[in-house]
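Residues per chain are reported as follows:
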Amino acid sequence: MKALVALILLVQLPIHKAVPAAPPAPLGCDDPESEAAAEVAVNYINGHSHHGYKFALNRIEDIRVVPQGPNNDIMFLELDLLETKCPVLSPTPLANCSVRSFAEHAVEGDCDVKLQKVDGILSVLASKCHSHADSSEDLRKVCPDCPLLAQMNNTEVLEAVSAALNDYNSKSTEPYLRLLEIGRAKIQYHPGHVIVTEFAVGATNCSAEEAKANVGACQLLPEDQSNFGFCTAVMVKSPSQDLQVDCQLYGHQVPAPDIPLLSQDTSAGLPPSAVGVTNHNLGLAHNNPVASESSSSEILRSMLSAKSVTKRAVAEAAQHDKVPRPVGFVPPPPPCPGKIRHFDI
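Throughout this description, residue numbers start from 1 for each chain and increase along the sequence as written. Local features in this predicted model are restricted to residues whose pLDDT is 70 or higher, and side-chain atom pairs enter the listing and the counts only when it is 80 or higher, whereas totals over whole chains, interfaces and linings include all residues. Just so you know, side-chain values use all the structure's heavy atoms and leave hydrogens and water out.

1. A word on the overall build of the protein
Move 1: Elements are defined by DSSP. Helices are runs of H or I of four residues or more, strands are runs of E of two residues or more, and each kind is numbered from the N terminus. Summing up its helical and strand segments, the protein has 6 helices and 8 strands in all.
Move 2: Secondary structure elements in the protein, listed N-terminal to C-terminal, are α-α-β-β-β-β-α-α-β-β-α-β-β-α.
Move 3: When a residue's accessible area, from a 1.4 Å probe over protein chains only, is under 20% of the maximum for its type it is buried; when over 50% it is exposed; and in between it is partly exposed. Buried positions account for 41% of the 345 residues belonging to the protein.
Move 4: For the protein, restricting intrachain contacts to residue pairs at least 6 apart in sequence, the fraction spanning at least 24 positions comes to 71%.
Move 5: For the protein, the exposed area adds up to about 18900 Å²; of that, 57% sits on carbon and sulfur atoms. Residue contacts are counted whenever heavy atoms from the two residues lie within 4.5 Å of one another. Accessible areas in this description were obtained via Shrake-Rupley with a 1.4 Å probe; residue shielding takes into account the shown protein chains only.

What follows is the structure, encoded as structure tokens:
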């Protein structure tokens, strides 16, 4: 009899189903973990770029985290970058590179980056970037008289660069310098006709005197002796004529093991054929050797998948969040996009 009563009571007891734990809140774009991942990503992008200038982080647009296992996450970042005044050849640390102002006709980079975080260690698996100069209309609204970026194959630009380099070599006691790439150029017509150019150079195995005799024999120094630099030139054509050139050689640099040396014989470098081509395109689609992606299109598919996973996790968490909100409750701001560090473009 006692056993029967106990059984009846057991049947009548309410059954409490285990409530699954809500997934963690999505990572915010301005969280320290996100900023650490963005720093790794930007350093990777600059380290694997061989044209133009270094880029600095302007804003983290989005971040998605897809757990792979214990202490193992895949992270997808969408980043807005801005061009700095430091060429990629420069040894100056990014932290010491000034971002170009809006009035200088800023260039923005849009990047998608896939990283892996294992036991707290971040590594980049793949990246895809595109860059573009701000529209002339936007610049004119803020600075009507500011000169716009000129095309690199503009005849006046090419003539100014050639004249500047010839002038510098004729007065220099250093090795003969060879043009590698035109980085930027602007032409001002009012109140005077002024051409401002910036271009990358490389030291050759000739002296200036030897180059006068046979410039065609002058070759860039071999990789173990390479010496690259950067020049700025201002050519005034009217109301009077003047030419000022300043070049700085950086000295031989040993790159990181996974970053190929700049040379004339590698597509990752700055071959003379790059001259005359607008280089406002980072042109990056790098894959780490350990990455599973074979092309940058895989990054996009992975990011779309990551977004769907994150949205589903947020929806599931909302189902468990039944706590009534007090009157006047203001929900926290969305975790993304993050803050703008310099200016909107």
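After presenting the structure, the write-up continues.
2. Here we look at the sheet that holds strand β4 (residues 121–133)
Move 1: In this analysis, strands are considered paired if DSSP registers two or more bridges between them. Spatial ordering of the open sheet is given by β1-β2-β3-β4, a layout of 4 strands whose pairing is antiparallel. Whereas interior strands pair on both sides, the edge strands pair on one side only; in this sheet they are β1 (53–69) and β4. Shown here is a sheet whose adjacent strand axes are inclined to one another by a mean of 15 degrees, direction ignored.
Move 2: Summarising the sheet, strand β2 (residues 72–87) and strand β3 (residues 107–118) pair through 11 bridges and their orientation is antiparallel. Residue pairing in the sheet places D73 in a bridge with K117 of β3.
Move 3: Inter-axis angles, ranging from 0 to 180 degrees, are taken between N-to-C directions of lines fitted to C-alpha atoms, where helices are fitted over the stretch in contact. In this fold helix α2 (residues 32–47) packs onto β1, β2, β3 and β4, with an angle of close to 55 degrees to the strand it touches most, β2.

3. Looking at the state of the cysteines
Move 1: Any two cysteine sulfur atoms lying within 2.5 Å of each other are counted as a disulfide. Under the counting rule described, the total for this entry stands at 6 disulfides.
Move 2: Between C231 and C247 runs a disulfide, and the two sulfur atoms are separated by 2.0 Å. Looking along the S-S bond of the C231-C247 disulfide, the torsion reads about 110 degrees, which is the right-handed sense. Of this pair, C231 sits in strand β7 (residues 228–238) while C247 sits in strand β8 (residues 242–249), and the two are 16 residues apart along the sequence. Each member of the pair, C231 together with C247, is buried.
Move 3: When the bonded cysteines of the protein are numbered from the N-terminus onward, they pair as 1-12, 2-3, 4-5, 6-7, 8-9, 10-11.

4. Topic: the pairing of β8
Side chains on a regular strand alternate between the two faces of the sheet.
Move 1: In this sheet, β8 lies alongside β7 in antiparallel orientation, the contact comprising 8 bridges. In the sheet register, C231 faces β8, and the bridge partner there is C247.
Move 2: Here β7 hands over to β8 after 3 residues, the two strands then running antiparallel side by side.

5. Description of helix α4 (residues 155–171)
Owing to its 3.6 residues per turn, the α-helix aligns residues three or four sequence positions apart on the same side.
Move 1: To estimate the expected span of a helix, count its residues, drop one, and scale the result by 1.5 Å. Between its first and last C-alpha atoms α4 spans 25 Å; for 17 residues at 1.5 Å apiece the expected length is 24 Å, and the two agree.
Move 2: Within the sequence span of α4, burial applies to E156, V157, A160, V161, A164, L165, Y168 and N169.
Move 3: The elements touched by buried residues of α4 are β5 (175–188), β6 (193–207), α5 (208–213), β7 and β8.
Move 4: Nitrogen and oxygen atoms within 3.5 Å of one another constitute a polar contact, given that in protein one can donate a hydrogen and the other can accept it, and given that sequence-neighbouring residues count only through two side-chain atoms. Capping of α4 at its N-terminal end is provided by N154; its side-chain oxygen lies 2.8 Å from the backbone amide nitrogen of E156.

6. Re the sheet that holds β8
Move 1: Spatially, β5-β6-β7-β8 is the arrangement adopted by the 4 strands of the open sheet, whose pairing is antiparallel. The sheet is open, and its two borders are formed by β5 and β8, each paired with just one other strand. On average, each strand axis in the sheet is tilted by 20 degrees relative to the strand beside it, whichever way the strands run.
Move 2: α4 contacts β5, β6, β7 and β8 of the sheet and is inclined by roughly 140 degrees relative to β5.

7. Let's talk about the environment of M75
Move 1: Looking at where M75 falls in the secondary structure, it is placed in strand β2.
Move 2: M75 gets classed as buried once you look at its relative accessible area, which sits at 1%.
Move 3: A C-alpha to C-alpha distance of 6.9 Å links M75 and I63, two positions 12 residues apart in sequence.
Move 4: Among all residues touching M75, those that are not within four sequence positions of it are L27, E33, A37, I63, R64, V65, V113, K114, L115, K117 and L122.

8. Points about the packing of aromatic side chains
Note on aromatic pairs: each is described by the distance of the centres and the angle between the planes.
Move 1: A pair of aromatic rings is counted whenever rings of Phe, Tyr or Trp (Trp by its six-membered ring) have centres within 6.5 Å, and the orientation is called stacked for planes under 30 degrees apart, edge-to-face for over 60 and tilted otherwise. The full count for this structure, using the stated rule, is 2 aromatic pairs.
Move 2: Centroid distance F102 to F343: 5.9 Å. Interplanar angle 85 degrees. Geometry classified as edge-to-face. Here F343 lies in the segment after α6 (297–320) and F102 lies in the loop between β2 and β3, a separation of 241 residues in the sequence.
Move 3: Directly above the aromatic system of Y53 lies the positively charged group of R100, at a separation of 4.7 Å from the ring centroid. Whether a charge sits over a ring depends on NZ of Lys or CZ of Arg being within 6 Å of the ring centre and within 35 degrees of the ring normal.

9. Observations regarding the nonpolar core
Move 1: Here, nonpolar core refers to any group of buried Ala, Val, Leu, Ile, Met, Phe, Trp, Tyr and Cys residues whose side-chain atoms link them within 4.5 Å. One finds L77, L79, L81 and V113 to be the most contacted residues of the largest nonpolar core, which totals 24 residues.
Move 2: When contributions to this core are tallied by element, the ones reaching two or more residues are α2, β1, β2, β3 and β4.
Move 3: Listed in part, the 21 residues of the second largest apolar core include L165, I182, C231 and C247.

No statement about biological role is implied by the geometric values presented.
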